[in-house]
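Listed below are the residues making up each chain.
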Amino acid sequence: MTLTVVIADDQTMVRQSFRAVLDAQPDIRVTGEARTGAEAVTACRELRPDLVLMDIRMPELDGLAATRQILAGAPDGRPRVLVLTTFDADEYVYGALGAGASGFLLKDSPLDDLVVAVRMVAAGNALFAPAVTRRVIEGFAAQLPRTQDTARLRELTARENEVLRLIARGLSNADIAARLVIAEQTAKTHVSRVLGKLRLRDRAQAVVLAYEAGLVVPGE
């Protein structure tokens, strides 16, 4: 299946560079480009891509506001948003997560990492630049109100609660499998059930919910 992508960035050379790399992949096709956040919102409504590569600093409407608008009109979970920026300042990362983005990657990351990131986020996996992963999750969690939304968690089995805790700590399916001494496919099934029962778009939303509910504590 081909993944469709919209690239939103106010720099023409950046868009062209990303497009060349992604269009060279047999399973990825860039279907649109946007120079502003407003154009990105319009492109997503018209083209219905699987994923948006979203710059943060753009004219008319910044990437975070555009992300909120795009996801507010996407009840089926499409598109997912992968934020690309030259800044790794915490406020941008927190803003991206708060807006509902599924991934965060620095623009100076190797282009091969971009391809991997697109595939990972499109598949429903949360992705953050390795240099900021742990700080992002714990730092963002520290800012969240403690809503103690434990009612939603009652739908989970004891094993699924355990899996949710591990997702919130940033573990991959392979890491979860190793920690619980189960097959990786079994871990993947547990993760899918957790997301389904809690009606979450992806792992990034699972991280936020786990911290909001106090299931995981920063620094734990």
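The structure reproduced in this document is the subject of the present report. Note that residues are indexed from 1 along each chain, following the sequence as it is written. Whole-chain, interface and lining totals are the exception, using all residues; otherwise, since this is a predicted model, local features are given only for residues with pLDDT of at least 70 and side-chain atom pairs are given and counted only at 80 or more. The side-chain values count all of the structure's non-hydrogen atoms but skip hydrogen atoms and water molecules.

## Focus on the overall build of the chain
Under the convention used in this document: In this description a helix means any DSSP run of H or I spanning at least four residues, a strand means any run of E spanning at least two, and both kinds are numbered starting from the N terminus. Under the scheme applied here, a residue whose accessible area is under 20% of the maximum for its type counts as buried, over 50% as exposed, and between as partly exposed, the area being computed with a 1.4 Å probe on protein chains only. Every residue pair with non-hydrogen atoms within 4.5 Å of one another is taken to be in contact. Surface accessibility follows the Shrake-Rupley procedure with a 1.4 Å probe radius. Residue values consider only the protein chains on display as shielding.
Within the chain, the secondary structure is distributed over 11 helices and 6 strands. Each of the 220 residues in the chain was classed as buried or not, and the buried ones make up 52%. For the chain, restricting intrachain contacts to residue pairs at least 6 apart in sequence, the fraction spanning at least 24 positions comes to 67%. As displayed, the chain has an accessible area near 10100 Å², and 51% of this comes from carbon and sulfur atoms.

## What to know about helix α11 (residues 203-212)
Judged by how many residues are buried, α11 sits mostly within the fold: 8 of 10 residues are covered. Regarding α11, the residues found buried are R203, A204, A206, V207, V208, L209, A210 and Y211. Backbone geometry just after α11 places G214 at a positive phi near 75°.

## Looking at the environment of L106
The topology assignment puts L106 in strand β5 (residues 103-106). Given a relative accessible area of 15%, L106 falls into the buried group. Sequence spacing of L106 and D55 is 51 residues, and the spatial spacing of their C-alpha atoms is 10.0 Å.

## Topic: the nonpolar core
Going by this rule: For this analysis, a nonpolar core means a set of buried residues of the types Ala, Val, Leu, Ile, Met, Phe, Trp, Tyr and Cys, connected via side-chain atoms within 4.5 Å.
Grouped together as the largest cluster of nonpolar side chains are 25 residues, with contacts concentrated most on L153, V163, L164, I167, I176 and L198. Where this core is concerned, the elements lending two or more residues are α8 (158-168), α9 (173-180), α10 (184-197) and α11. The residues contacting L198, other than those within four sequence positions of it, are R152, L153, L156, L164 and L209. Core analysis: the second largest hydrophobic core is formed by 24 residues, V6, A40, A43 and I56 among them.

## Some thoughts on helix α2 (residues 37-47)
Every α-helix winds through 3.6 residues per turn, so residues three or four apart in the chain are directed the same way. The cut-off we apply is this: By definition, the arc is the one covered by directions from the helix axis to the C-beta atoms.
Among the residues of α2, those classed as buried are G37, A40, V41, A43 and C44. Along α2, the residues classed as buried sweep out an arc of 165° about the axis, all on the same side. Exposed residues pointing more than 90 degrees away from the buried face of α2 are listed as R45 and E46. Tucked inside the fold, the buried residues of α2 contact β1 (3-8), β2 (28-34), β3 (51-55) and α3 (63-72). Following α2 by one or two positions, R48 has its phi on the positive side, about 50°.

None of this, on its own, says anything about what the molecule does.
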